[in-house]
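Chain residues, written in single-letter form:
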Amino acid sequence: MLTRRASTAAVFAGAIALVLLATAKDAAAQATAQFPVQFDFQTPGARSMAMGGAFVGAADDATAAFTNPAGLSSFGTKQFSIEGRFKSVDTPYLAGGRVSGQPTGIGVDTVPNPVFATDTDNHFGAGFIAIVLPVGAHTSVTAYRHELVNVDNEFFSSGVFQRASFFGGVDDRNRDTPLGGTRAIAIANYGASIGHSWKDDRIAIGGGLAFSHFNIESHFARFAFATDIFGAVNTNVKSATADQTGDDIGFSPNVGALWRPRENVSLGATYRRGASFTFTQQDRVFAADIDVTRTGKFKVPDVYGVGFAWTATERLRVLVDYDRVQYSQLKTDFIDFQAISSGRPDRLTIDDGNEVHGGVEFRTSMGGHTVALRGGAWFDPDHTVRYEPTAANDSIDVLLAATLPGGPNLMHYTFGGGIALPKRMVLDAAADFSSRTRYATASLLIRF
């Protein structure tokens with residue numbers, strides 16, 4: 001069982017507090033705390049990745065079906081494309097230590113500062129599979145599968161110590177209740193797109209529709225202490241749990257356009273509407289016999305993009321994209337539900353992303369084969385969940401600000417290459433590195 005101090009600390013930490021249940025059971029019936037959340041909705045394809053993700057203004061391979069379907073209009077042969085992608089993403093989180101006040105020196109309360117740990121999510125899978133079929137001189141259709149999200153995180157916080165105020169006084173002998181959990185989210189798109197051009201291929205439009213399969217399995221639990229708040233955590237005793245589960249189908253349309261004002265210049269624009277899925281969250285507090293279930297929506301962010309591609313010489317091409325990703329759409333329900341226990345879900349924010357992508361492609365001939373060398377970079381603004389303290393800046397503010405401080409803006413650096421192989425095959429490979437993420441991918445294109 002938790003001590004009275006542990007329960008009081010949980011109140012100030014935004015967790016379930018039994019002392020609040022008598023006056024506000026409904027408001028305090030939630031058991032979760034929000035772990036940092038960051039999803040990267042990158043475009044598919046090794047060529048695109050190698051050029052810093054810039055592809056809206058080019059859109060000249062099968063991945064255009066997802067990125068900018070207007071580019072499908074220029075294909076004159078049947079094509080099959082498959083991509084294998086590896087990712088490794090680091091997610092830091094608050095794991096223990098102290099966020100305010102002075103260590104008492106009792107038990108494990110000896111660290112004067114917050115302690116952070118990192119969850120590393122590694123995944124390899126088929127990122128993109130497509131077949132392109134020309135249906136006329138200026139029209140092609142594509143069927144594809146694209147892995148949009150595959151996240152698998154695990155977190156554990158032993159409960160941070162902090163200073164709290166009581167009836168005009170302060171006390172450093174307070175500790176948040178320990179919290180652990182797992183989060184697994186997968187979204188796969190199954191879609192079809194079409195592109196058509198006219199006026200000697202100078203103007204093209206395209207569109208598509210994907211149905212998306214969504215699955216979420218997230219489980220969080222609050223744990224007891226083995227002895228008192230200064231002791232170890234007893235993970236065999238749970239005081240509260242929260243589970244997010246869902247298995248749903250949604251629909252995601254996209255449209256795009258290309259304009260080639262000159263033979264060596266193309267401009268592109270695209271819009272992709274993210275699917276919306278239903279999930280269920282169940283919160284339980286065992287000592288109070290509270291069991292609350294609610295249903296909400298997980299909204300995949302919408303994306304707007306514009307791009308520019310310039311063929312400077314016969315061998316050199318330069319590409320630049322701007323994308324606006326509406327990450328703030330994740331807040332409604334998915335993030336807010338997990339923060340209800342704090343009583344301050346309105347203080348959580350997640351910013352939209354204004355991404356800038358740029359890359360170059362250089363083509364040459366080696367040993368009778370056409371070889372492409374590519375490089376690029378892109379700016380990835382912070383889009384983790386961030387807590388904004390109230391004017392009071394009380395102990396709840398201090399704890400949640402330490403738990404959800406936001407993250408840094410990232411610069412991604414990319415490189416890769418490709419080679420034309422016999423039997424009308426092309427092999428491309430690329431890598432993308434930042435301080436938080438590592439991606440590697442390879443694509444095989446077969447023309448027939």
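Computed from a prediction, not measured in an experiment: that's the story for all the values here.

Draft legend 1. The overall build of the protein, seen in detail. Check the secondary structure of the protein and you find 6 helices and 20 strands. Along the three orthogonal principal directions, the C-alpha set of the protein runs to about 80 × 40 × 40 Å. Each of the 448 residues in the protein was classed as buried or not, and the buried ones make up 53%. Of note, the protein has its 39 positive side-chain charges centred 3 Å away from the centre of its 44 negative side-chain charges.

Draft legend 2. How the structure looks around the pattern of salt bridges. Across all of its chains, the model carries 25 salt bridges by this definition. Between Asp-336 and Lys-331 there is a salt bridge, with the nearest N and O atoms lying 2.6 Å from each other. When its relative accessible area of 18% is taken as the criterion, Lys-331 is described as buried. Among the salt bridges present, the one from Arg-363 reaches Glu-361, with a minimum N-O distance of 3.4 Å. You can call Arg-363 partly exposed: its relative accessible area is 33%.

Draft legend 3. Representation of the pairing of strand E18 (residues 410-421) in the model. Strand direction decides the pairing type here: strand E16 (residues 369-380) and E18, joined by 10 bridges, are antiparallel. What sits directly across from Ala-372, in E18, is Gly-418. Between E18 and strand E19 (residues 425-433), which pair antiparallel and follow one another directly, the connecting turn spans 3 residues, one of which, Lys-423, has a positive phi of 60°.

Draft legend 4. Broad picture of the layout of surface pockets. Roughly 480 Å³ of internal volume is contained in the largest pocket. Taken together, 27 residues line the largest pocket, and the ones lying closest to its centre are Arg-47, Arg-363, Val-426, Leu-445 and Arg-447. Listed by contribution, the elements that provide at least two residues to the lining of the largest pocket are helix H3 (46-50), strand E1 (79-97), E16, E18, E19 and strand E20 (437-447). Residue composition of the lining of the largest pocket, by class: 9 nonpolar, 10 polar and 8 charged.

Draft legend 5. Fine view of the side chain of Arg-47. Following the sequence through the fold, Arg-47 ends up in helix H3. In this structure the side chain of Arg-47 is engaged in a polar contact, spanning 2.9 Å, whose partner is the side chain of Asp-60. For Arg-47, the side chain forms a polar contact with the side chain of Asp-61, separated by 3.1 Å. Sequence-distant contacts of Arg-47, defined by excluding residues within four places in its chain, comprise Phe-55, Asp-60, Asp-61, Arg-317, Glu-361, Arg-363, Arg-374 and Asp-428.

Draft legend 6. Expanded view of the nonpolar core. With 44 residues, the main nonpolar core has Phe-39, Ile-185, Ile-187, Phe-214, Phe-298 and Phe-334 as its most contacted residues. Residue assignment for this core shows that the elements contributing at least two residues are helix H4 (64-67), strand E2 (114-136), strand E3 (139-157), strand E6 (179-198), strand E7 (203-225), strand E10 (276-285), helix H5 (331-338) and helix H6 (395-403).

Draft legend 7. Structural detail: the environment of Val-426. Mapped onto the elements of the fold, Val-426 is located in strand E19. Judged by relative accessible area, Val-426 falls into the buried class, the value being 16%. For Val-426 and Arg-183, which are 243 residues apart along the polypeptide, the C-alpha to C-alpha distance reads 37 Å. In this structure Val-426 touches Ile-419, Ala-420, Leu-421, Ser-443, Leu-444, Leu-445 and Arg-447, once residues within four positions along its chain are discounted.

Draft legend 8. Representation of the packing of aromatic side chains within the structure. Tallying each qualifying case throughout the model produces 12 aromatic pairs. Aromatic pair Phe-128 and Tyr-144: ring centres 5.7 Å apart, planes at 25°, arrangement stacked. Taken together, the residues Phe-128 in strand E2 and Tyr-144 in strand E3 connect sequence positions 16 residues apart. Using a relative accessible area of 1% as the deciding quantity, one classes Phe-128 as buried. Taken together through their ring pairs, the aromatic side chains of Phe-214, Phe-277, Phe-279, Phe-298, Phe-334 and Phe-337 make up a single cluster. Taking NZ or CZ as reference, Arg-294 lies 5.5 Å from the ring centre of Phe-337, over its face.

Draft legend 9. Region of the structure containing unusual backbone geometry. Phi is positive for Asp-200, which is not a glycine, with a value near 60°. Position of Asp-200 relative to the elements: it lies in the loop between E6 and E7. Residue classification places Asp-200 among the exposed residues on the basis of a relative accessible area of 71%. With phi around 55°, Asp-289 is a residue other than glycine that occupies positive phi space. Relative to the assigned elements, Asp-289 resides in the loop between E10 and strand E11 (290-299).

Draft legend 10. Main features of the pairing of strand E4 (residues 161-166). Bridge analysis of E4 against strand E5 (residues 169-175) gives 5 bridges, and the strand direction is antiparallel. Note that in E5 the partner of Ser-165 across the bridge is Val-170. From the end of E4 to the start of E5, which pair antiparallel, there are 2 residues, and Phe-167 there has a positive phi angle of about 50°.

The rules we used
- Counting from 1, residues in each chain are numbered in the order their sequence is written.
- Note on the predicted model: pLDDT of at least 70 is required for a residue's local features to be given, and 80 or more for side-chain atom pairs to be given and counted; whole-chain, interface and lining totals, by contrast, use all residues.
- Side-chain calculation: all heavy atoms of the structure are included, whereas hydrogens and water are not.
- Numbered from the N terminus, helices here are DSSP runs of H or I no shorter than four residues, and strands are runs of E no shorter than two.
- We call a residue buried when its accessible area falls under 20% of the maximum for its residue type, exposed when it is over 50%, and partly exposed in between, using a 1.4 Å probe and counting protein chains only.
- Asp and Glu count as negative and Lys and Arg as positive, but His and the ends of the chain are not part of the count.
- Charged groups are reduced to one reference atom each: NZ for lysine, CZ for arginine, CG for aspartic acid, CD for glutamic acid.
- Within this document, salt bridges are pairs made up of a side-chain nitrogen of Lys or Arg and a carboxyl oxygen of Asp or Glu, the two lying within 4 Å of each other.
- Here the rule is simple: two strands pair whenever DSSP picks up at least two bridges between them.
- Both cavities and pockets are sets of points on a 1 Å grid over the protein atoms alone; in a cavity a 1.4 Å probe fits but cannot get out, in a pocket the set is open with protein on both sides within 12 Å along at least five of seven lines, and lining residues sit with an atom within 4 Å of a point.
- Grid points are joined across faces, edges and corners, and a volume is the space filled by probe spheres set on the points.
- Residue type decides the class: Asp, Glu, Lys and Arg count as charged, Ala, Val, Leu, Ile, Met, Phe, Trp, Tyr, Cys and Pro as nonpolar, and the leftover types, Gly among them, as polar.
- Within 3.5 Å is the distance limit for a polar contact, defined as a pair of N or O atoms, with the added protein rule that one can donate a hydrogen and the other accept it, and that residues adjacent in sequence qualify only through two side-chain atoms.
- Whether two residues touch is decided by their heavy atoms; if any such pair falls within 4.5 Å, the residues are in contact.
- Side-chain atoms within 4.5 Å are what join buried Ala, Val, Leu, Ile, Met, Phe, Trp, Tyr and Cys residues into a set we call a nonpolar core.
- Geometry of aromatic contacts follows a simple scheme: Phe, Tyr and Trp rings, the Trp one being its six-membered ring, pair when their centres are within 6.5 Å, and the pair is stacked under 30 degrees between planes, edge-to-face over 60, tilted otherwise.
- Two conditions define a charge located above a ring, namely a distance within 6 Å from the ring centre to NZ of Lys or CZ of Arg, and an angle within 35 degrees of the ring normal.

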